[in-house]
Structures are given as C-alpha cells and as structure tokens.
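Fold and geometry: a report
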Amino acid sequence: MSAPAPQTRDAGQRFLFIDALKALGSQFIVLHHLAFYGPMSDWTHRIAPGLVEWLSRDARMAVQVFLVVAGFLAARTLAPDGVLRTTTPIRALWQRYVRIGLPYLAALVVAMLCTELARLWMDHDTIAEPPTAWQFLAHALMIQSLIGVDSLSAGVWYVAIDLQLFALLLLLLWAVRAAVPDREGWRPRAARLGVTLVVLASFFHFNRDAEWDNWAFYFFGAYGLGAITAWASAPGRAETARWLWWGVVMAAMLALAVDYRERLLLALVVASLLAWSLRGGWLYRWPDSRLLAYLGRISYSVFLLNFPVALVVNAWFTRYASPDPVVQTLGVVVAWVACNVAGALFHHGVEQPLSRLGRGRR
C-alpha cells in the first residue's frame, strides 16, 4: 500500500526492514479488502467466521505502518538534519504528486475498466456507478474525500492523505527555515519542536474526532512520529533529539490512557521498531528475504490494483463458479494471488516508468 518513497541520500541502499514492513502491511490491506468487499467472502465466512471478521474489521489498521514509514522516509528526504534542504518547496510537492499521482491515475483507469467488466457478470453493491468526468477530476486533484465525491476504488483515499501529509510536513519545515535565524542549531531544534506540537495536537484532539479523518491532521500523529524517529534515532544525533523522541513516546502513552486507540498503539510500536532498527544498524540488512523485499517494492502497485482485480475475480466466481463455500473460498485465494501478480505487472510496466518523471535531480 505504501506510496513510493522520495529519493534520499540512501537511494542506492535498500531498507530491508522497511521493505518487510511494507510487504506485510500491503498483504493485510489486500486481505482486508477481500474480506470486506464482494460476495466470495460471505461464503468464506461460513468456513472461518472469526478470521473473516478480524480481517474485515481490524486488518485495515495496517495503514498505520505506512503512515509511520512514510513520515520516516519523508523526513530523511526533505530534512535529514532537521533543516529543509530544498529551496523550491512547490517543486518538491509537485514532484511528489507526479511520483504517486501518475500511477494512481493510471490505476483509476484500470479500476473503471474492471468495474465495467465486473458489471457484466455480477449485480452487487460493491460495483460503483459509471463515473462522471467531475468524479474523475476530483480524484485527479485528490480532493474526492474532502468534497464528498464517491470513490472510484477502495482505499484510494490514502493517496490523497499521503500527499496532504507530505505537504503539511513540507510547510512546517519551510516555515521554520523562513522564520528562524540560522545560528547555533536553532533551526533543526525549532523544526523538531514544530512537528512535535502538531503531532501532539493530533494525538490529543484531531485523531480523536472522526470528523477530521479526511484531513492530514487526523493522521499526522503517526506520520510525524515517523519523522521524529528519523531525526532522533540515527547514530550521532544530538541528545536533545533523542530526549524529544522519548517525550513524544510518553505523550503517546498518555494519549492512549486518555483515549485508547489500537491504531495509535500500532503506530507507536512501528516507530519504536524503526528506531531500534536504525540505532542497531539492521534497518538495512534484516530480514534478508528476496520475497519480502520484492513484495515491499511492489506494495504501492498492489495497493492501487487490488480492489479492481478482486472485484473482477468476485464477479467471475459469482457468475460461473459453484455456490459452494469451498469453491468460493478458493476464489478468495485466486483473487489474492491475482492482486499480487497484477501489482507486479503494473509496478514494472506502469509505476516505475511514470514515477521516474517525479524524481527530479538528486
């Protein structure tokens, strides 16, 4: 599910641990969609009701993994020492849009075609109405959730939130660089403090109010936690940065005591694992699994295509396969495999060529 990371000074070296997190997280998101949408999972529920209920209800929390990881990578890219590096923040935001937006738009076209194919075989409430030009434009601008436009595919809200979060972090860093004098290490301290204040606002206010769940402030607790982890955990960083990280961890625990949220607890666990892996040096070398590394690389494409591909498989099995729990559960497995195969093909054939347009000069 994770959108491709911006280029960093570590671009020649893979983060194997992050690849593994993205691989596992993306598979849970695929399984969540398979359990939540489509008629095949209704048959599977007869065989494994507890598993289907958990996947449909709780597996979506894997999005917290991607939020923390995205904040971690964005901080290492935009301001590895806490000070915004780019002198053209608008261009940086545009490059981010191009990198994640062009594959996203291509996937929306695939989703619309898959929806029409599924409509030929199945009549079900998971099949969206034929899209309008305004609906597609709203998705292209990534404002569909903000203005109440029906989604063209499940989960695409995350792409819009990713761009919002990147823009918010970029704005905070730019504001600090513009307002704080460049002397005695004031800028990195002010940047970390500014991000921390927004993180705390998310912990204690925005993330507790579902009315904000279409805005970056709702998710910035997890995203900013990832950014603070990147700044505080690298070897050789100032003790003040580490103390700030521990302060944010304590604040997160207090926020959990005030209003317990499993999503916040998961974000805290992921951030702690990232800090541990970076300090211990195994962020780059563990787990040494080609499969996990590959699934991590294609996770964004798998996320983009999993719902339309699963919709077509659901429709085909509904139309042509036996109405039997075992047969329909086999359809769920087929859909799971098909989502990953389609994601791999899309990654190599579409995502990589398009996302190169947004990398800019290193």
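Residues numbered from 1 in each chain as written. Predicted model: local features only at pLDDT ≥ 70, side-chain atom pairs only at ≥ 80, totals over all residues. Heavy atoms only, no water.

One recurring pattern in soluble globular proteins is that nonpolar side chains are buried together. Membership of the largest hydrophobic core comes to 106 residues, with the highest contact counts inside it found for Tyr104, Leu169, Phe220 and Leu274. Those residues in contact with Phe220 that sit more than four places away from it in its chain are Leu165, Leu168, Leu169, Leu172, Val195, Val198, Val199, Ser202 and Leu225. Counting seven residues, the second-largest nonpolar core is a separate cluster that includes Ala118, Ile127, Phe307 and Ala315. (Core = buried A, V, L, I, M, F, W, Y, C linked by side-chain atoms within 4.5 Å. Buried < 20%, exposed > 50% of the residue type's maximum accessible area, 1.4 Å probe, protein only. Contact = heavy atoms within 4.5 Å.)

Our next topic: the packing of aromatic side chains. Across all of its chains, the model carries 22 aromatic pairs by this definition. Where Trp121 meets Tyr320, the ring centres are 6.1 Å apart and the plane angle is 75°; that geometry is what we call edge-to-face. Of this pair, Trp121 sits in helix H5 (residues 89-121) while Tyr320 sits in helix H13 (residues 299-320), and the two are 199 residues apart along the sequence. Judged by its relative accessible area of 47%, Tyr320 falls in the partly exposed class. (Phe/Tyr/Trp six-rings, centres within 6.5 Å; stacked < 30°, edge-to-face > 60°. Helix = DSSP H or I, 4+ residues; strand = E, 2+ residues; numbered from the N terminus.)

Before going further, it helps to examine the pattern of salt bridges. Applying the stated criterion to the full structure yields five salt bridges. Between Asp19 and Arg14 there is a salt bridge whose closest N-O contact spans 2.7 Å. The partner of Arg119 in a salt bridge is Glu116, with the nearest N and O atoms 2.8 Å apart. With Arg119 and Glu116 both in helix H5, this residue pair falls three residues apart, about one helical turn. On the accessibility criterion, Arg119 (29% relative accessible area) is partly exposed. Overall, the relative accessible area of 35% leaves Glu116 in the partly exposed class. (Salt bridge = Lys/Arg side-chain N within 4 Å of Asp/Glu carboxyl O.)

Applying the stated criterion across every chain yields a total of zero disulfides. Here Cys114 stays unpaired: no disulfide links it, and the sulfur of Cys339, its closest cysteine neighbor, is 10.0 Å away. Judged by its relative accessible area of 14%, Cys114 is buried. (Disulfide = S-S within 2.5 Å.)

Glancing now at a nonpolar patch on the surface. The grouping of Trp134, Leu137, Leu141, Leu146, Ile147, Trp215 and Phe217 at the surface amounts to a nonpolar patch, some 640 Å² of accessible area in total. Inspection of the secondary structure puts Ile147 in the loop between helix H6 (133-140) and helix H7 (157-179). Using a relative accessible area of 41% as the deciding quantity, one classes Ile147 as partly exposed. (Patch = residues over 30% accessible without salt bridge, like charges linked within 9 Å, V, L, I, M, F, W, Y side chains within 5 Å. Areas by Shrake-Rupley, 256 points an atom, 1.4 Å probe, with all protein chains shown as cover.)

Within the element layout of this structure, Arg263 appears in helix H11 (residues 262-280). A relative accessible area of 24% places Arg263 in the partly exposed class. Taking the C-alpha atoms as reference, Arg263 lies 20 Å from Gly50; in sequence the two are 213 residues apart. Setting aside residues up to four positions removed in sequence, Arg263 forms contacts with Met61, Gln64, Asn207 and Tyr218.

Along the polypeptide, Thr115 turns up in helix H5. Not counting chain neighbours up to four residues away, the residues in contact with Thr115 comprise Ile127, Ala128 and Leu311.

The omega torsion across Trp286 and Pro287 is -5°, close enough to zero to call that bond cis. With respect to the secondary-structure elements, Pro287 resides in the loop between H11 and helix H12 (290-297). Backbone geometry places Met142, a non-glycine residue, at a positive phi of 60°. Structurally, Met142 can be placed in the loop between H6 and H7.

A separate point is the packing of H7 against helix H9 (residues 216-233). Contact geometry of H7 with H9 gives a least axis separation of 10 Å together with a crossing angle of 60°. In terms of orientation, H7 and H9 fall into the oblique class. Note on packing geometry: the crossing formed by H7 with H9 is right-handed. Along the contact surface, H7 presents Trp157, Ile161, Gln164, Leu165, Phe166, Leu168, Leu169, Leu172 and Leu173, while H9 presents Ala216, Phe217, Phe219, Phe220, Tyr223 and Trp231. For the contact of H7 with H9, the per-class residue count stands at 14 nonpolar, one polar and no charged. (Axes fitted to C-alpha atoms, helices over the stretch in contact; angles between N-to-C directions. Parallel < 35°, antiparallel > 145°, perpendicular 65-115°, else oblique. Left-handed = near helix turned anticlockwise from the far one by under 90°. Nonpolar A, V, L, I, M, F, W, Y, C, P; charged D, E, K, R; others polar.)

Function-wise, these values are silent; they only describe arrangement.
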